[in-house]
Amino acid sequence: MEPRKREPFVWEIPVGFVDGMRVPGVVFSADELFAKTLEDGAAVQVANVATLPGIVGASLAMPDVHRGYGFPVGGVAATDVAAGGVISPGGVGFDIGCGVRLVRSDLAWEELRPRLRQLTLALARRIPRGAGRQGLLPLDRGGLDAVLREGVRFPLAQGLGFQEDAGACEDAGTLPGARPELVSERARERGAPQLGSLGGGNHFLEVQVVEEIRDQAGAEAMGVFAGQVCVMLHTGSRGLGHQVCTDYVREFDRRMPATGIRVPDRQLGCLPVGHEAAQRYLGAMAAAGNFALANRQVLTDGLRGTFAEVLGRSARELGLRVVYDVSHNLAKLEEHQVDGASRMLCVHRKGATRALGPGHPSLPDAYRAIGQPVTIPGSMGSGSYLLVGAAGSEARSFGSTCHGAGRAMSRTRSKKVMSGRDLQRQLEREGIVVAASNVKLLGEEAPHAYKDPSVVVETCEQVGLSRVVARLRPAGVVKG
Amino acid sequence: MDADQASQGRSQLPRAAGFELLEHTADVGIRARGPTLEAAFEQATLGLADVLGVWRPLPGERVEIALEGDDPGGLLVDWLNEVLYLHEVREAALGGVQVQRVADRRVDGWVVLVAGAEAPEGISVKAATWHHLRVAQEGGGWLVEVYLDV
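Being a predicted model, the structure only gives us computed values, none of them experimental.

Conventions and cut-offs
Residues numbered from 1 in each chain as written. Chains lettered and ligands numbered in written order. Predicted model: local features only at pLDDT ≥ 70, side-chain atom pairs only at ≥ 80, totals over all residues. Heavy atoms only, no water. Helix = DSSP H or I, 4+ residues; strand = E, 2+ residues; numbered from the N terminus. Contact = heavy atoms within 4.5 Å. Core = buried A, V, L, I, M, F, W, Y, C linked by side-chain atoms within 4.5 Å. Buried < 20%, exposed > 50% of the residue type's maximum accessible area, 1.4 Å probe, protein only. Pairing = 2+ DSSP bridges. Axes fitted to C-alpha atoms, helices over the stretch in contact; angles between N-to-C directions. Salt bridge = Lys/Arg side-chain N within 4 Å of Asp/Glu carboxyl O. Phe/Tyr/Trp six-rings, centres within 6.5 Å; stacked < 30°, edge-to-face > 60°. Lys NZ or Arg CZ within 6 Å of the ring centre and 35° of its normal. Parallel < 35°, antiparallel > 145°, perpendicular 65-115°, else oblique. Left-handed = near helix turned anticlockwise from the far one by under 90°.

Teacher, can you tell me more about the environment of V28 of chain B here?
Residues and elements named next belong to chain B. Looking at where V28 falls in the secondary structure, it is placed in strand 2 (residues 28-34). As for V28 and P72, which are separated by 44 residues in sequence, their C-alpha atoms are 20 Å apart. With residues near it in sequence (within four places) discarded, V28 still touches L21, L22, V51, I123, V146, Y147, L148 and V150.

Even after reading the chapter, I still don't get the nonpolar core, so can you show me in this structure?
Across soluble globular proteins, nonpolar side chains have a tendency to be buried as a group. If you look at the biggest cluster of nonpolar residues, it comprises 125 residues, and the most contacted ones within it are W79 and V111 of chain B. Per element, the largest residue contribution to this core is 13 residues, and it comes from helix 10 (residues 276-311) of chain A. In this structure, W79 of chain B is in contact with T45, I65, L67, V97, Q98, V99, V107, D108, G109, W110 and V111 of chain B, ignoring residues within four places of it in sequence. By size, the runner-up hydrophobic cluster in this structure holds 32 residues, among which are W109, V310, L318 and L320 of chain A.

Would you take a moment to explain the sheet that holds strand 4 (residues 59-69) of chain A for this structure?
Sheet strands pair by backbone hydrogen bonding; their relative direction is either parallel or antiparallel. Residues and elements named next belong to chain A. If you walk across this open sheet you meet the seven strands as 1-2-3-4-5-13-12, and the pairing is mixed. The outermost strands of the open sheet, each flanked by one partner alone, are strand 1 (4-7) and strand 12 (329-338). Pairs of neighbouring strands in the sheet enclose a mean axial angle of 45°, with direction left out of account. As judged from the six bridges shared by strand 5 (residues 71-80) and strand 13 (residues 341-350), these two strands associate in the antiparallel manner.

Just to check I follow, could you spell out the pairing of strand 3 (residues 25-28) of chain A for this structure?
A regular strand places its side chains on the two faces of the sheet in alternate fashion. Residue and element names in this part refer to chain A. Side chains G25 and V27 project from strand 3 onto one buried face, and the interleaved V26 and F28 project onto a second face that is buried too. For strand 3 and strand 4, the ladder comprises three bridges, and the chain directions are parallel. Across the sheet, the residue bridging to G25 is S59, located in strand 4.

What is the right way to read the pairing of strand 7 (residues 134-138) of chain B from this model?
All names here are of chain B. The pairing of strand 7 with strand 8 (residues 141-149) spans five bridges and is classified as antiparallel. Of the residues in strand 8, the one forming a bridge with E138 is G141. Linking strand 7 to strand 8, which pair antiparallel, is a turn of two residues; within it G139 sits at a positive phi near 55°.

Before we go on, may I ask you to explain the pattern of salt bridges in this structure?
Side chains that carry opposite charge are capable of pairing whenever their charged atoms lie near each other. Within the structure shown, the criterion is met by 56 salt bridges over all chains. Look at the salt bridges and you will find they share partners, linking E20, R31, R33, R134, E138 and E145 of chain B into a network.

How should the side chain of T37 of chain A be read in this particular structure?
Residues and elements named next belong to chain A. Locating T37 in the fold gives a position in helix 1 (residues 31-39). The exposure class assigned to T37 is buried, which follows from its relative accessible area of 2%. Here T37 is in contact with V27, A42, A43 and V65, once residues within four sequence places are set aside.

Looking at this model, I keep getting lost on the packing of aromatic side chains. Mind explaining?
Here the distance between the centres and the angle between the planes together describe a pair of aromatic rings. All names here are of chain A. As enumerated under the stated definition, the model contains five aromatic pairs over all chains in all. Centre to centre, the rings of Y69 and F94 are 5.6 Å apart; their planes meet at 40°, and the pair counts as tilted. In this pair, Y69 sits in strand 4 while F94 sits in the loop between strand 6 (86-87) and strand 7 (99-108), placing the two residues 25 residues apart along the sequence. Like Y69, the residue F94 is buried in the burial classification. Among the aromatic side chains, those forming a connected cluster through ring pairs are Y248, F252 and Y281. The lysine or arginine in question, R473, covers the ring of W109, its NZ or CZ lying 4.9 Å from the ring centre.

Could you clarify how one ought to interpret the packing of helix 2 (residues 37-52) of chain B against helix 3 (residues 72-90) of chain B in this entry?
For any two helices packed against each other, the geometry is given by the interaxial angle and the distance between the axes. All names here are of chain B. Two elements in contact, helix 2 and helix 3, have axes whose closest approach is 11 Å; the angle formed by their N-to-C orientations is 40°. Judged on the interaxial angle alone, helix 3 and helix 2 are oblique. For the pair helix 2 and helix 3, the crossing hand works out as right-handed. Residues L37, F41, A44, T45, L48 and L52 of helix 2 form the contact with helix 3, whose participating residues are P72, L75, L76, W79, L80, V83, L84 and H87.

This is how it looks when you write it as structure tokens:
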């Protein structure tokens, strides 16, 4: 029952690899990365997910997969709702709705270069990050309810952003089915002050430069050109989402035994989608996802204001428009073809990104011909990528692709390889300005702790999940 | 706070700390031991404070914690998530911890919250998870293991 290579870049973890698997595991991986998947325990986690009731097709792992806590990070699992398929809060994760937003500009790199340090440091002053609680737009109860219900439409109604920003977000910036009343008081207490803050860990804001265009038509549709300055934003639902997940993982753990479901890891706790508690989770999860969308919207307003101050032109004049905003930690009810029939599936994407192919009716008009944009952050010092969903993603991965480079080394080991201070010096020598809330911790997020993002995105392309449109390099990094 | 207190406040965790941090590709695990289950819970709490970089053995506000659950492992996750919640919403460091009693379905104890302490020196923790959760008797004492999402 050993994993085997089924075809180039596609590895199968057969049923029987762990007890109770209902479907095989499938890992999309370059040969050189698959050994790591086995070594760090991610393959066992892929197999564990394959035991979930109602799972269809396979328990999937994107090329950036690595060990998580229950579900692997980089995992996709779809369950058939009508066949008793389950939803698992652990399959979404604690940072509900965490995602990446790319903002483009009309600025050419040569124009910004003399002001890069000034801009990066100004962004670092403006953008709340690290452990502090206060975001750019602290909310009262009514405001928080509106954010949980409306996502980006609440900050837009406050004048924070351009009206067209919503159209450049997944689900037009508002996840359907949100039920604010199901978000606990504790989650509200954690989240209300934090709207418009990056948080810590691997969250960041990065000024980037488009280094290479690989798909001219795709780039033109997105308003992206070589030598252009862009800004990438990676953050999520902050303490509010963490608490929603904490609340429901605990409740599912207590209620699952009565359903007769058994899972190999308690963090995989799950309930049938039709279960009353599962329905409540879906409503609370969508509300937390709306908080994450609104969080990135408020931060976008903050960065636009900073660009305008430093460069002396308005955000409109600078052409600071949202290219796309998409989450990589969500579960969604979606229709997909299974064995030739259309089925309503609950698609968990835990560290994986929805990647709709060209022609999909859910796409905004501007992107319908090219496919859904997907932004893949590299790590400080290594490039990021702008992709579009490929036609094959629907059949291969329920319309999903990777979400980042994927960690390859523990935080402890990463710091031993290079200290945060030394890393900052190295990046500065390469011309990258780094503002970190805690320089000592910078070493944990060093490029050597991650897989090579180029291998990850090229594997996705080979398998037919997504295509590379452009590569971006970091110029100014503001770390959470 | 005077300079001496501040210096004391930055002091490291007790030298004989009964916990160790476990390697994980993305997250952090805590393995804690104690002669009693209560002591092992306390050591796991110190492990959490170490990861967050918020251990400040200074006077502060004592906050009682009483939680109910279904088993000792679940109680440990709940206890650590309670400490995390208090740390976050009070913007407080941790100045002390005592776990008075862990029964099958209940844990009682307190933590000391130190407001206005220096900024955390560690990493942000989203939650204590149920992944590979372990509570076991070992060599006449107790061992607990828990993973944090960071």
